[in-house]
Amino acid sequence: MIPYIQKLGIVVESWYPLGGRGHTEELLTNETISSIADAHGVTSAQVILRWDIQNGVIVMPGSSNPEHIKENLDIFGFELIDDEMEQIKALDRDEKHDWY
Ligand SMILES: NC(=O)c1ccc[n+]([C@@H]2O[C@H](COP(=O)([O-])OP(=O)(O)OC[C@H]3O[C@@H](n4cnc5c(N)ncnc54)[C@H](OP(=O)(O)O)[C@@H]3O)[C@@H](O)[C@H]2O)c1
C-alpha cells in the first residue's frame, strides 16, 4: 500500500510511530528491534523512526520528555542496512489499519 501511494506522489505520515501513548511497550521491547538497536548503539525508538524515514514515511513522534525529544531527533547519524530493513518489515502482521 505505501509504495503504491508514494508512487502517486502522495506523502505518507505514520500516525502513531511508536505505537501511541500508553501502547509503546510492544514495539519498544520487540526483540528484533532491540537487537538492531544494540547493533547500532541506539534505542529501539530511534530504530523505529529511522525505519520509517528510510521508507520515505514522515514521523511525528509525540513526547513530553525532553530526553526523548532529543533522542527522536538524533536519527540521522546511522543507517539501517537492507537486511535490517527486511527484518523489521517481516514483523508485519497484515492487520487492517485506519488510513486518513
Ligand atoms: N490530532 C489528532 O487527533 C491526533 C491523534 C493521534 C495522534 N496525533 C499526533 O500524532 C503524534 C503521535 O501520537 P502519540 O504521541 O500518541 O503516539 P507515539 O508518538 O507513537 O507515542 C508517544 C509515546 O511514546 C513515548 N515516547 C516518545 N519518544 C520516546 C522515546 N524516545 N523512548 C521511549 N518512549 C518514547 C512517549 O512518552 P514520553 O512522553 O514519556 O516521551 C509517549 O508515551 C502526536 O504528535 C499526536 O499529537 C494527533
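Reading guide: rules and limits
Residues numbered from 1 in each chain as written. Predicted model: local features only at pLDDT ≥ 70, side-chain atom pairs only at ≥ 80, totals over all residues. Heavy atoms only, no water. Helix = DSSP H or I, 4+ residues; strand = E, 2+ residues; numbered from the N terminus. Rg over C-alpha atoms; globule rule 2.2 N^0.38 Å. Buried < 20%, exposed > 50% of the residue type's maximum accessible area, 1.4 Å probe, protein only. Salt bridge = Lys/Arg side-chain N within 4 Å of Asp/Glu carboxyl O.

Here's the deal with the overall build of the protein
Helix and strand content of the protein: 6 helices and 2 strands. When the elements of the protein are put in sequence order from the N terminus, they spell out α-β-α-α-α-β-α-α. Computed over C-alpha atoms, the radius of gyration of the protein comes to 13 Å, within 12% of the 13 Å expected from 2.2 N^0.38 for 100 residues, which places it in the range of a compact globule. When burial is assessed residue by residue, the protein has 27% of its 100 residues classed as buried.

Regarding the pattern of salt bridges
Applying the stated criterion across every chain, the model contains 3 salt bridges. Glutamate 26 serves as the salt-bridge partner of arginine 93, at 2.8 Å between the closest nitrogen and oxygen. Of this pair, arginine 93 sits in the segment after α6 (82-89) while glutamate 26 sits in helix α2 (residues 25-28), placing them 67 residues apart in sequence. Here the two residues arginine 93 and glutamate 26 agree in accessibility, since each one is exposed. Between glutamate 67 and lysine 70 there is a salt bridge; the shortest N-O distance is 3.4 Å. Of this pair, glutamate 67 and lysine 70 both sit in helix α5 (residues 66-73), 3 residues apart, which is roughly one turn of the helix. Take glutamate 67 and lysine 70: they sit in the same class, and that class is exposed. Connected through salt bridges with shared partners, the residues Glu26, Arg93 and Glu95 form a single ionic network.

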